[in-house]
Amino acid sequence: MATTERKEYPIAMRLPAADVAMIDRAASLRGRSRTDFVRDAAVRAAEEVVMEQGLVRMSPEGFAAFMDVLSRPAAPVPEMVELAQRPAPWEPGYVEKR
């Protein structure tokens, strides 16, 4: 008899009514089912934790070069300077850019 590998695993949770209501509201706003919304949120959170724990390895020479770049004075980026000087949409003088 051939065995088949299981592809999905159920997860059960007990949640307060207020939490379920919030999840349902958010899922509805995204046009998703509760299951899809919770699964996506859990996977995103898990990926974030795993990425935070990632170890970066480099040679002493690579690390020295990395530190050299970080210790250089910052150079202004003209586009960022211009953007920071523009009035916000709620401020007087705002002109919409197209």
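Residue positions are given per chain, counted from 1 along the sequence in the order it is written. This being a predicted model, a pLDDT of at least 70 is required before a residue's local features are given, and a value of 80 or more before pairs of side-chain atoms are given or counted; all residues contribute to the totals for chains, interfaces and linings. As a rule here, side-chain values cover all heavy atoms of the structure and leave hydrogens and water aside.

**Details of the overall build of the protein chain**
Within the protein chain one finds four helices and zero strands. The helix and strand labels rest on DSSP assignments: H or I over at least four residues marks a helix, E over at least two residues marks a strand, and numbering proceeds from the N terminus. Going from N to C terminus, the protein chain has its helices and strands arranged as α-α-α-α. In terms of overall size, the protein chain is more extended than a compact globule, its C-alpha atoms giving a radius of gyration of 24 Å where 98 residues would be expected to give roughly 13 Å. Taking the principal axes of its C-alpha atoms as reference, the protein chain extends roughly 65 × 50 × 30 Å. Throughout, exposure labels follow a simple rule: accessible area from a 1.4 Å probe, protein chains only, divided by the maximum for the residue type, with under 20% read as buried, over 50% as exposed, and the rest as partly exposed. Buried residues in the protein chain amount to 2% of all 98 residues. Carbon and sulfur atoms form 60% of the exposed surface of the protein chain, whose accessible area is close to 9,800 Å². Each radius of gyration is computed over the set of C-alpha atoms, and the globule rule expresses the reference value as 2.2 Å times the number of residues to the power 0.38. Method for areas: the Shrake-Rupley scheme with a 1.4 Å probe, in which residue coverage is limited to the protein chains shown.

**Some remarks on the environment of K7**
Here K7 shows up in the segment before helix 1 (17-30). The exposure class assigned to K7 is exposed, which follows from its relative accessible area of 76%. Put simply, K7 and V49 are 42 residues apart on the chain and 23 Å apart in space, counted from C-alpha to C-alpha.

**Some thoughts on a nonpolar patch on the surface**
Together, V56, M58, F63, F66, M67 and L70 line one region of the surface with nonpolar side chains, adding up to about 610 Å² of accessible area. Position of M58 relative to the elements: it lies in the loop between helix 2 (34-52) and helix 3 (60-71). Note on M58: relative accessible area 42%, which makes it partly exposed. Without a salt bridge and with relative accessible area above 30%, a residue can belong to a patch; like charges are then joined within 9 Å and nonpolar side chains (Val, Leu, Ile, Met, Phe, Trp, Tyr) within 5 Å. Salt bridge, as used here, is a side-chain nitrogen of Lys or Arg placed within 4 Å of a carboxyl oxygen of Asp or Glu.

**A closer look at the pattern of salt bridges**
According to the stated counting rule, one finds five salt bridges in the structure shown. Put simply, D24 and R34 hold a salt bridge, and the shortest N to O gap is 2.6 Å. With D24 in helix 1 and R34 in helix 2, this residue pair connects regions lying ten residues apart in the sequence. Between R72 and D68 there is a salt bridge, and its shortest N-O distance comes to 2.9 Å. With relative accessibility at 38%, the residue D68 sits in the partly exposed group.

**Regarding helix 1**
Here helix 1 spans 20 Å end to end across 14 residues, near enough to the 20 Å set by a 1.5 Å rise per residue. Where burial is concerned, little of helix 1 is hidden: one out of the 14 residues are buried. Positive phi appears at G31, one or two residues downstream of helix 1, with a value of about 70°. Helix span is expected to be 1.5 Å times the residue number reduced by one.

Function cannot be inferred from these measures alone, as they are strictly geometric.
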